[in-house]
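Reading the structure
Okay, here's what each chain looks like letter by letter:
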Amino acid sequence: MTTGILLAIFAGLMLGLYALPEKFTKDFTYENTWSLFFLLTMFVVPIIASVTLIDGFADVFGNMPTAIWIKMGLTSFLWGIGVMMWSKAINHIGLSLGFSLFIGTVILIGSLLPFVVDGLPPNNVLLFILLGILIVLIGVILNGKAGLMREKDEAEEKVDITSTGKRSMTTGILIAVIGGLLATGFSYANAAGAPYLTEALKHYDNADWITGVAVMFPIFISGGIVMTAYFLWQLSTKKAWGDFSTPAFTKNFFLILIMAIFHYAASALFGYAASKLGASGNTVGYAIFNTSAVATAIVSGLMTKEWVKASPRARGALFGGLACMIIGIIIIAYSKSLG
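Read on for a plain summary of the structure. (Residues numbered from 1 in each chain as written. Predicted model: local features only at pLDDT ≥ 70, side-chain atom pairs only at ≥ 80, totals over all residues. Heavy atoms only, no water.)

This part covers helix H9 (residues 210-237). With 28 residues, H9 extends 40 Å between its outermost C-alpha atoms, agreeing within 8% with the 40 Å of an ideal straight helix rising 1.5 Å per residue. Remark: the principal bend of H9, roughly 30 degrees, maps to Met216, with a proline, Pro218, within the next four residues. Counting buried positions along H9 gives 20 out of 28 residues, so the element sits mostly inside the fold. Lys239 sits one or two positions beyond H9 and adopts a positive phi of about 50 degrees. (Helix = DSSP H or I, 4+ residues; strand = E, 2+ residues; numbered from the N terminus. Expected span 1.5 Å × (residues − 1). Bend = angle between axes of the 7 residues up to and from the residue. Buried < 20%, exposed > 50% of the residue type's maximum accessible area, 1.4 Å probe, protein only.)

Structure representation (structure tokens):
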């Protein structure tokens with residue numbers, strides 16, 4: 001259990017840092033940066049990792065039941081749409097707020113999904129879960145309020161928000177929340193594929209941690225389909241193909257490759273952490289993973305001066321929201337021990 005929790009925290013740290021290099025790319029539009037990122041993280045990195053690391057790769061996936069492929073494929077497709085919206089939210093409202101709102105929504109829905117699948121838990125467990133969810137919800141609301149306050153503070157400081165590529169804060173908040181709702185498909189897909197893949201990998205003497213790599217293969221490939229279609233359309237519509245031709249391409253490619261590796265590795269490591277946590281892996285483990293990512297992203301956002309023009313009240317709301325999310329997760333985790 002302890003190993004699974006530590007791995008979930010470390011995976012969250014990696015996820016919280018993955019988008020940071022995007023701030024240092026040059027001469028790329030949003031479409032250039034994120035289309036290249038999704039190409040690398042959804043196809044290139046997982047294909048190379050899976051084919052290289054998984055013994056019996058062809059047989060393991062060739063024999064996977066069609067029902068599991070369908071479950072993983074459909075929910076991963078929804079996750080892909082959610083992650084794509086997440087990237088737009090980060091572009092609109094920054095790392096700290098984009099992460100906290102998106103992942104706060106993921107935690108809320110992810111904590112409620114087990115009720116739909118498994119039914120209601122005992123009353124004492126349900127009470128603590130609902131209390132934890134309520135506190136997380138307060139945290140999400142506080143973070144949304146912090147973003148609106150920051151936008152007002154920047155306007156008063158006469159900061160040209162459009163020059164940084166950001167639009168309405170309200171639009172960014174809506175994108176983050178809707179994206180978070182769709183992204184809960186990741187947790188379901190992981191739960192649907194892990195049992196079969198864990199057993200199948202044992203027949204080929206794969207190490208336990210390979211389970212995380214195997215589970216991510218169908219999730220990332222399926223999720224990447226929608227992103228590929230969207231960004232091909234966007235690059236053509238906005239005539240952004242020519243922006244790839246820049247002296248900064250090599251530097252940009254390296255930075256985006258780091259983003260892709262961190263994003264994929266974080267997800268694969270969570271898949272392994274979830275297997276170590278047993279039945280609570282896709283509830284408590286997912287909450288720990290995501291909360292760790294939020295905390296890391298908020299610190300990254302502060303270090304890169306996203307909140308430099310924000311008032312103490314706005315920053316206080318941001319920190320208060322994060323504190324509520326952490327407290328809520330601790331309560332949800334405690335509820336599992338009662339069960």
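Having seen the structure, we can now continue with the description.
Any two aromatic rings considered together are summarised by their centre-to-centre distance and by the angle between their planes. Summed over all chains, the structure comprises 24 aromatic pairs. Plain terms: the ring middles of Phe57 and Phe61 are 5.2 Å apart, the flat faces sit at 55 degrees to each other, and that makes the pair tilted. Of the two residues, Phe57 and Phe61 both sit in helix H3 (residues 57-62), four residues apart, roughly one turn of that helix. Aromatic side chains Phe61 and Phe217 sit 5.0 Å apart centroid to centroid with 50 degrees between the ring planes, which places their arrangement in the tilted category. With Phe61 in helix H3 and Phe217 in helix H9, this pair connects stretches of sequence that are 156 residues apart. Taken individually, Phe61 and Phe217 each receive the classification buried, so the pair is uniform in this respect. (Phe/Tyr/Trp six-rings, centres within 6.5 Å; stacked < 30°, edge-to-face > 60°.)

Here the focus is the environment of Phe28. Considering the arrangement of structural elements, one finds Phe28 in the loop between helix H1 (2-17) and helix H2 (30-53). The buried category is assigned to Phe28, whose relative accessible area is 12%. Here the alpha-carbon distance between Phe28 and Phe244, two residues 216 residues apart in the chain, equals 6.9 Å.

A few words now on the environment of Ala192. Relative to the assigned elements, Ala192 resides in helix H8 (residues 185-202). Linking Ala192 and Lys71, residues 121 residues apart in sequence, is a C-alpha distance of 6.8 Å. With residues near it in sequence (within four places) discarded, Ala192 still touches Ile68, Lys71 and Met72. (Contact = heavy atoms within 4.5 Å.)

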